[in-house]
Amino acid sequence: MNNFVLRVLVTIIGFTTFFVFSLPPVVKIGAIFTEDQENSAVELAFKYAVYKINKDKKILPRTSLVYDIQYVPKDDSFHASKRACKLVDFGVQAVFGPSDPVLGAHIHAICDALDIPHLEARPDLESEFREFAINLYPAQHLLNAAFQDVMEFLNWTRVAIVYEGDYGIIKLRELIRATNSDLEVHLRQTDLDSYRAVLKEIKTKEIHNVVIDTNPENMPHFLKGILQLQMNDYKYHYLFTTFDLEAFDLEDFKYNFVNMTAFRVVDTQDLSVRELLRDMAAFRLGRPDLLPVLNSSYIQAEAALIYDSVYVFALGLQTLEQSHSLAYPNVSCEREQPWDGGLSLINYINMVGLKGLSGPIEFKEGRRIQFKLDLLKLKQHSLVKVGEWRPGFGVNVTDRGAFFEAGTTNVTLVVTTILETPYVMMQKDKNFKGNSRFYGFCVDILERISKKVGFDYILDLVPDKKYGARDPDTGRWNGMVQQLTMHKADLAVGSMTINYARESVIDFTKPFMNLGISILFKVPTPRKARLFSFMNPLAADIWMYVFSAYVLVSATMFTVARFSPHEWHNPHPCEVFNELLENQFSLANSFWFTIGTLMQQGSDLNPKATSTRIVGGIWWFFTLIIISSYTANLAAFLTVERMITPIENAEDLAGQTEITYGTLESGSTMTFFRDSMIETYRKMWRFMENRKPSVFVSTYEDGIQRVLKGNYAFLMESTMLDYVVQRDCNLTQIGGLLDSKGYGIATPMGSPWRDKISLAILELQEKGEIQMLYDKWWKNTGDTCQRNDKGKESKANSLGVDNIGGVFVVLMCGLAFAVMVAICEFCYNSKKNSIREKRLTNQQSLCSEMGGELCFAMQCRGSRQRPALRRECSKCLNKVAYARDDTKQTSLSPVLPNSP
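Residues numbered from 1 in each chain as written. Predicted model: local features only at pLDDT ≥ 70, side-chain atom pairs only at ≥ 80, totals over all residues. Heavy atoms only, no water.

> Just give me the short version of the state of the cysteines, but keep the residues and values in it.
Evaluation of the coordinates by the stated rule reveals one disulfide. Bridging Cys 85 to Cys 333, the disulfide has an S-S length of 2.2 Å. On the sign convention where negative is left-handed, the bridge of Cys 85 and Cys 333, at about -110° about the S-S bond, is left-handed. Taken together, the residues span a long stretch of sequence, with Cys 85 in helix α3 (residues 77-90) and Cys 333 in the loop between α11 (301-321) and α12 (342-350) at a distance of 248 residues. (Disulfide = S-S within 2.5 Å. Helix = DSSP H or I, 4+ residues; strand = E, 2+ residues; numbered from the N terminus.)

Given below as structure tokens:
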């Protein structure tokens, strides 16, 4: 009994739950299409979605969808409102469509008033929140962000936006606002009759990047205008806002290398999408004539979105069924009484998330915020996917090479260049024609790049023979930069430096060579060897200090020795009681001791007292340092060739006015100094700008010749300087690099060739081909200068008379001076002896005395000894002779007659 009651209660609860939380067996929906969409792919996709949901029973197992389709004339809002009210009277619980923005606004007003969900698949042009609207079309602000990301990837700086109708500018207004200030935007409204005129204006203004937002039915006419004006070559890039570019015939554009880019919302490469498209194409509904509107490889974007909108509605019903019941709407346009269940239903629909035919789907406040856009690019065979865009992730280009298509061998580019050795040179023989007239480092690089990228080229010289600089007064450019900005050339090849000013008006590839600014100067004259070069290791003031120290130490030694009792000693140690003491440090001996030590030869004089030993020790330490320093520096001064270099760097150049200096006129080096904020370079620019005559030169050759004439420094790029220095031994580089930059190939702003050429340059660098070309033109030409710089660094030069001849002069002078002193001593001693002899005996004259002394001195085999006094004098007492001590004895010592 209890089990029976329990079963009854469970059954009753089940039926109650089913009644409370269930959907009606039939849910009515309505669709409004324009008359031109009758039997179209959009209608078929709507019907097939309803058919599949009812057949599968996976989403709504106990409910079937019943639809009612109303057709209205385009741009007829009155009839559209009537048809909407007819659907309301039919009891629909959701309204789908239409895609027309005017009609859609009126239909939504009715649905919003009656709380009936309105599902759309059209561009959302309204910024306000619409409570009962669900739009499967991607939010417009996100689409504008996608277009902006693509333009930034393509480096567009000038763009024309072509739109139709007033809604076109509303749709793209956020795109215009979001563009940065560097992007030049030209807005042009057009229609079917003005396509050709607008395109002609764009071509006249040389705008090569165009965003096209036209009605799909008018697209063939627009494409025809592009062909008629011959705007279908590689220079032009068209970005279409339509998701259905694949539906149009682009056969005439495939082989002219014109750039066409667009997005699509249906990824036809997805296997599930392909299977669904095959099933949809086979769907007939008893109407075989509808089959051609669909195929298994493509579906119109609006059809895919309307298909997904039906599934979004069904999933919203499924979620609602789990917690609410859904009553039939008892509303009409006359009563204007809202439907009670509409608010709950729209909230559940807004929470739906799925992967549909148009990719991932999520909503926020009725707007679609989750989707995936495939980026398409026209190639020679068809439109292909080259990347994708997602909200929050930006554009991801998987095939960058598609935007710079290789293999365009029938494309001929105009290349402007300038003659500069060894980058671009011209054959002297007049038999050469065309590109064969030119040869050099850059010509070889261009030849290799053209083969890798795939283009032919016509090489020609720039008319004004200038690289390109902006006139600060007029703001106009000259040289090769002007040729590119005016689109008279497609590339500029040469020793063209990449800098900020040029990059603001043209594009550059990756640098193929790195360099900097340096100073070219004439090799300084070698320092002429002087006779007294051995004096150079020490400065003149040091020599004076050493001499002063010598005198001071000698005098100090003499004074200290006189005061110290330990320096006085008995000359005859055997005579204990001898009161006669002598001091070995006389003034002459003091000077002799000091000079002997200074010359590292020593002497027979040795200090005995502590004080004199301190003086001697300090002097020995002093002479050790001086002699060591002198010896070490002497080797460098005598063996290394010294140059007289008036300048060593840019600061030295800026700090003087005797040597003039300049740069190449209208070049990047001149621009560097003109625009520099470093005070040294600003000072140099003021000097160059105001110097008369002008220090600027028109070519590198003129600057080199001016340097060779002397008293001129040429500021030039290091690569060219290296080439010149290696070929002329009279030229040299002064200092290091003043900056760091690179040479690149220049293209017009937004050129499709820039990135492809950059990739080719990187490939050539990685393979070492550019380095091999550098060696070919810089080092292996056979005309390089043979310098001896390496030998000078590896071994010392031989010393000649010019280097150390002064030592011999000093030696000879010293010998001559010694002989003169000896003669003076001889004469003085002879005269003194003659006077004494004459006074004693009146027999010896000066001449006879000098003769006798001379004869004795000239006896090579004579005795080593001579008597101190040969004759007795009146002062001799008791046969004892006295001789005065030359060492400054304090008294006379007796000399016995028999003493030696």
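> Tell me about the packing of helix α16 (residues 540-563) against helix α17 (residues 587-598), and please be specific about residues and values.
Interaxial distance between α16 and α17 falls to 8 Å at its minimum, and their mutual angle equals 130°. The pairing of α16 with α17 is recorded here as oblique in orientation. Crossing of α16 against α17: the hand is right-handed. Packed against α16, whose contacting residues are Tyr 550, Val 551, Val 553, Ser 554, Met 557 and Phe 558, the element α17 presents Leu 587, Ser 590, Phe 591, Phe 593, Thr 594 and Ile 595 at the interface. (Axes fitted to C-alpha atoms, helices over the stretch in contact; angles between N-to-C directions. Parallel < 35°, antiparallel > 145°, perpendicular 65-115°, else oblique. Left-handed = near helix turned anticlockwise from the far one by under 90°. Contact = heavy atoms within 4.5 Å.)

> Lay out a nonpolar patch on the surface in plain terms, naming residues and giving numbers.
On the surface, a nonpolar cluster with roughly 210 Å² of combined accessible area is contributed by Leu 419, Met 426 and Leu 461. One can find Leu 419 in the loop between β17 (412-417) and β18 (425-426). Residue Leu 419 is classed as partly exposed on the basis of its relative accessible area of 38%. (Patch = residues over 30% accessible without salt bridge, like charges linked within 9 Å, V, L, I, M, F, W, Y side chains within 5 Å. Areas by Shrake-Rupley, 256 points an atom, 1.4 Å probe, with all protein chains shown as cover. Salt bridge = Lys/Arg side-chain N within 4 Å of Asp/Glu carboxyl O. Buried < 20%, exposed > 50% of the residue type's maximum accessible area, 1.4 Å probe, protein only.)

> So, the environment of Phe 455: which residues are in play, and what are the values?
For Phe 455, the position within the fold is in the loop between α13 (441-453) and β20 (456-461). The spacing of Phe 455 and Trp 753 is 298 residues in sequence and 9.9 Å in space, taken between C-alpha atoms.

> Help me get a handle on the pairing of strand β28 (residues 712-717), residues and values and all.
With six of its six residues buried, β28 lies for the most part within the structure. The pairing of strand β24 (residues 517-522) with β28 spans four bridges and is classified as antiparallel. Residue pairing across strands places Ile 519 opposite Leu 715, the latter belonging to β28. For strand β27 (residues 660-662) and β28, the ladder comprises three bridges, and the chain directions are parallel. Along β28, the bridge assignment pairs Tyr 661 with Ala 713. (Pairing = 2+ DSSP bridges.)

> Explain the confidence of the model for the protein to me, using residue names and the numbers behind them.
Looking at the protein as a whole, the pLDDT averages 80, with 81% of positions reaching at least 70. When mean pLDDT is taken per element in the protein, strand β21 (residues 491-493) scores highest with 95 and strand β32 (residues 881-883) scores lowest with 39. Considering only residues more than four positions removed or in separate chains, one finds that residues 860-865, a stretch of pLDDT under 50, has two contacts. (pLDDT = per-residue confidence, 0-100.)

> Can you explain the sheet that holds β24? Please cite residues and give values.
Taken together, the four strands give an open sheet; going across it, the order is β27-β28-β24-β29, and neighbouring strands pair in mixed fashion. With one partner strand each, in any of the chains shown, β27 and β29 (731-734) form the two edges of the open sheet. Pairwise comparison of adjacent strand axes, ignoring direction, gives a mean angle of 30° for this sheet. Packing of helix α21 (residues 679-690) onto the sheet brings it into contact with β27 and β28, and relative to β27 it is tilted by some 95°.

> Hey, could you go over helix α22 (residues 700-708) for me, with residue numbers and the actual values?
By the burial criterion, the buried members of α22 are Tyr 700, Gly 703, Ile 704 and Val 707. In an axial view of α22, the angular spread of the buried residues amounts to 100°, which keeps them on one side of the axis. At its buried positions, α22 is contacted by β24, β28, α23 (718-725) and β29. Phi turns positive, to about 100°, at Gly 710, one or two residues after α22. (Arc of directions from axis to C-beta.)

> How would you sum up the side chain of Asp 308? Please name residues and give values.
Summarising the element assignment, Asp 308 is placed in helix α11. At 5.0 Å, Arg 368 is the nearest oppositely charged side chain to Asp 308, a buried residue that forms no salt bridge. A distance of 2.8 Å separates the side chain of Asp 308 from the backbone nitrogen of Leu 357, its partner in a polar contact. (Lys, Arg positive; Asp, Glu negative; His and termini not counted. Polar contact = N/O pair within 3.5 Å; in protein donor to acceptor, adjacent residues only side chain to side chain.)

> Mind laying out the packing of α13 against helix α25 (residues 769-778), listing which residues take part and the relevant values?
Two numbers describe how α13 lies on α25: the axes approach to 10 Å, and their chain directions differ by 155°. Judged by the inter-axis angle, α13 sits roughly antiparallel to α25. Crossing geometry of α13 relative to α25 is assigned as right-handed. Taken together, the residues of α25 that come into contact with α13 (itself represented by Phe 441, Asp 444, Ile 445 and Arg 448) are Glu 769, Ile 770, Leu 773, Tyr 774, Lys 776, Trp 777 and Trp 778.

> Requested: an account of the packing of aromatic side chains, with residues and values cited.
Under the counting rule described, the total for this entry stands at 34 aromatic pairs. Taking the centre distance of 5.8 Å and the plane angle of 70° together, the rings of Trp 543 and Tyr 630 count as edge-to-face. With Trp 543 in helix α16 and Tyr 630 in helix α18 (residues 610-639), this pair connects stretches of sequence that are 87 residues apart. The exposure class of Trp 543 is partly exposed, given its relative accessible area of 27%. With a relative accessible area of 16%, Tyr 630 lands in the buried category. Each ring, one from Phe 593 and one from Trp 620, has its centre 6.4 Å from the other, and the planes form 50°; the classification is tilted. One end of the pair, Phe 593, is in helix α17; the other, Trp 620, is in helix α18, and 27 residues separate them in sequence. One aromatic cluster in this structure is built from Tyr 423, Phe 441, Phe 512, Tyr 723, Tyr 743, Tyr 774 and Trp 778. One residue, Lys 28, lies across the ring of Phe 90, its end atom 4.4 Å from the ring centre. (Phe/Tyr/Trp six-rings, centres within 6.5 Å; stacked < 30°, edge-to-face > 60°. Lys NZ or Arg CZ within 6 Å of the ring centre and 35° of its normal.)

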